[in-house]
Amino acid sequence: MRNNLLLFFLGLFLIVVSCDSKRVYDEYKSVPNEWNKDSIITFKINPPDSIKPYNLFVDLRNTNEYKYSNIFLIVEMVFPHGRTIKDTLEYRMTDPSGKFLGTGLMDVKENKLWYKEDVVFKEAGEYTVNIQHAMRENGKVHGVVSLEGITDVGFRIENTKKNLKE
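Residues numbered from 1 in each chain as written. Predicted model: local features only at pLDDT ≥ 70, side-chain atom pairs only at ≥ 80, totals over all residues. Heavy atoms only, no water.

Would you mind going over the sheet that holds strand S3 (residues 41-45) in detail, with residue names and values included?
Strands sit in the order S3-S8-S5-S6 across an open sheet of 4 strands; the sheet is antiparallel. Here the strands that pair on one side only, and so sit at the sheet edges, are S3 and strand S6 (84-92). Adjacent strand axes in the sheet meet at a mean angle of 20° when their direction is disregarded. (Pairing = 2+ DSSP bridges. Helix = DSSP H or I, 4+ residues; strand = E, 2+ residues; numbered from the N terminus. Axes fitted to C-alpha atoms, helices over the stretch in contact; angles between N-to-C directions.)

As structure tokens, this is what we get:
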């Protein structure tokens, strides 16, 4: 009986994971206790195609210990031949009432945040994506040194709707 239950849940997990037809790349990195402003989360990516467009996302998991309604991130993409694109991005983390956005039934919410749309990886080779927070408190010059409540930072590449039709 126990083995049958284990096989059932394993099969269910595999079905759920394999049904994510949009996913091309999806990786998370854990943030220990607090996310230091100097800590850069790095992802190394080898895109599968140099012709098709893809949608890019930053994924964040947060707990109730996250005390802000938004988050500022610096996202840097380093191309295989050295060219770099750096963006400072702001995302909402709560609705106007203060309720956390994202998915999840328990204390951890998962947020899938748009980074770039219809990106074509024209250069062959390894791309590097660096993500760090750039939070500041209102009226203060220096940034937040240790950001609490972010447990994981992820990066995701998805097929566009056009790619799925082909």
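Next comes the rest of the description.
Account for the nonpolar core, with residues named and values stated.
By size, the foremost hydrophobic cluster in this structure holds 35 residues, and its most contacted members are Trp35, Leu60, Ile71, Ile131, Ile150 and Phe155. For this core, the elements supplying multiple residues, two or more each, are S3, strand S4 (53-62), strand S5 (70-78), S6, strand S7 (109-120), strand S8 (127-133) and strand S10 (150-159). Those residues within four positions of Phe155 in sequence are excluded, and the remaining contacts are Tyr25, Asp26, Glu27, Phe43, Ile45, Leu56, Phe57, Asp59, Tyr115, Val129 and Ile131. (Core = buried A, V, L, I, M, F, W, Y, C linked by side-chain atoms within 4.5 Å. Buried < 20%, exposed > 50% of the residue type's maximum accessible area, 1.4 Å probe, protein only. Contact = heavy atoms within 4.5 Å.)

Which residues make up the confidence of the model for the protein chain, and what values go with them?
It should be kept in mind that the predicted coordinates are not to be read in detail where pLDDT is low. Summing up the model confidence of the protein chain, the mean pLDDT is 88 and the portion of residues at 70 or higher is 86%. Every residue in residues 9-18 scores below 50 in pLDDT, and together they form 1 contact with partners more than four places removed in sequence or on other chains. (pLDDT = per-residue confidence, 0-100.)

Break down the pattern of salt bridges for me, with residues and values.
The tally for this structure, following the rule as stated, stands at 8 salt bridges. Of the charged contacts, one joins Arg61 and Asp152 as a salt bridge, the two residues approaching to 3.8 Å between their closest N and O atoms. Of this pair, Arg61 sits in strand S4 while Asp152 sits in strand S10, placing them 91 residues apart in sequence. Of the residues examined, Arg61 reaches a relative accessible area of 22% and is grouped as partly exposed. For Lys116, the salt bridge goes to Asp87, with nearest N and O atoms at 3.1 Å. In this pair, Lys116 sits in strand S7 while Asp87 sits in strand S6, placing the two residues 29 residues apart along the sequence. What emerges from the salt-bridge pattern is a single network uniting Asp26, Lys112, Arg156 and Glu158. (Salt bridge = Lys/Arg side-chain N within 4 Å of Asp/Glu carboxyl O.)

Now, about the sheet that holds S7: what can you tell me, with residues and values included?
Reading across from one edge, S1-S10-S4-S7 is the order of the 4 strands in this open sheet, with antiparallel pairing throughout. The open sheet terminates on both sides in strands that have one partner only, identified here as strand S1 (23-30) and S7. Going across the sheet, the axis of each strand differs from the next one's by a mean of 15°, ignoring polarity.

Tell me about the side chain of Arg156, residues and numbers included.
In this structure, Arg156 sits in strand S10. On the accessibility criterion, Arg156 (7% relative accessible area) is buried. At a separation of 2.7 Å, a polar atom in the side chain of Arg156 contacts the side chain of Glu158. (Polar contact = N/O pair within 3.5 Å; in protein donor to acceptor, adjacent residues only side chain to side chain.)

Summarise the environment of Ser39; cite the residues concerned and give the values.
Mapped onto the fold, Ser39 is located in the loop between strand S2 (34-36) and S3. Judged by relative accessible area, which is 29%, Ser39 ranks as partly exposed. On a C-alpha basis, the gap between Ser39 and Gln132 in space is 6.4 Å, while along the polypeptide they are 93 residues apart. Ignoring anything within four residues of it in the chain, the contact list for Ser39 reads Ile131 and Gln132.

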